[in-house]
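Tertiary structure, described
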Amino acid sequence: MNNQGDIDFSSVISIEDLDQKTLHGISETYHSAKAFMENQKWCLRILESFLGIDEGYILGVFLFKIIPSNENMEEYLWVVVGDLPPLYLVTEAAPTPAFALLRYIEEMTVWAEAAIGQTDRADLPPIEAAFSRENGFALRTRLQLLREYLSENYSL
């Protein structure tokens, strides 16, 4: 499914257009995001990659154009990686990297609170971290820092 119209492409930079210094600076998060996307069974191939937000190894927000295994799947997806669990997000209601990060915070807050309370896991974002109270508290702390980052750097 072509969801290109959902995205503000002026808010991202093609990985191919980055200079060597910038590419070197994002290499850890970019390779992490790319590997995460390539490991999804429904992602047949990555066609294009875009940088949205880069804060070193702490945070990276990337946009990928993929060939999905199912024609009903979106071909553009956001991936948030860094010093936190990686997650892919659809572009609907997230036209920019900042909105994708906001959606990440919303989705992962649900996971963190469920882990802290040890409540039902149904409908939680699919992450590989152990579903423990300790991980819930650690994630909640990181999410608060991401909220502060968003409010200081973006007007949403």
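The coordinates are above.
Rules of the game
Residues numbered from 1 in each chain as written. Predicted model: local features only at pLDDT ≥ 70, side-chain atom pairs only at ≥ 80, totals over all residues. Heavy atoms only, no water. Patch = residues over 30% accessible without salt bridge, like charges linked within 9 Å, V, L, I, M, F, W, Y side chains within 5 Å. Areas by Shrake-Rupley, 256 points an atom, 1.4 Å probe, with all protein chains shown as cover. Salt bridge = Lys/Arg side-chain N within 4 Å of Asp/Glu carboxyl O. Helix = DSSP H or I, 4+ residues; strand = E, 2+ residues; numbered from the N terminus. Buried < 20%, exposed > 50% of the residue type's maximum accessible area, 1.4 Å probe, protein only. Axes fitted to C-alpha atoms, helices over the stretch in contact; angles between N-to-C directions. Parallel < 35°, antiparallel > 145°, perpendicular 65-115°, else oblique. Left-handed = near helix turned anticlockwise from the far one by under 90°. Contact = heavy atoms within 4.5 Å. Nonpolar A, V, L, I, M, F, W, Y, C, P; charged D, E, K, R; others polar.

On the surface, Leu-44, Leu-47 and Ile-67 cluster together into a nonpolar patch covering about 250 Å² of accessible area. Residue position: Leu-44 is located in strand β2 (residues 43-55). Owing to a relative accessible area of 56%, Leu-44 belongs among the exposed residues under this scheme.

The next point concerns the packing of helix α2 (residues 97-117) against helix α3 (residues 133-153). Between α2 and α3, whose axes approach to 8 Å, the crossing angle comes to 155 degrees. Overall, the two elements α2 and α3 adopt an arrangement that is roughly antiparallel. In this structure, the crossing between α2 and α3 has a hand that is left-handed. On α3, the residues touching Ala-98, Leu-101, Leu-102, Tyr-104, Ile-105, Met-108, Thr-109, Trp-111, Ala-112, Glu-113, Ala-115 and Ile-116 of α2 are Arg-133, Asn-135, Gly-136, Phe-137, Leu-139, Arg-140, Leu-143, Leu-146, Arg-147, Tyr-149 and Leu-150. Classifying every residue of the contact of α2 with α3 gives 16 nonpolar, three polar and four charged.

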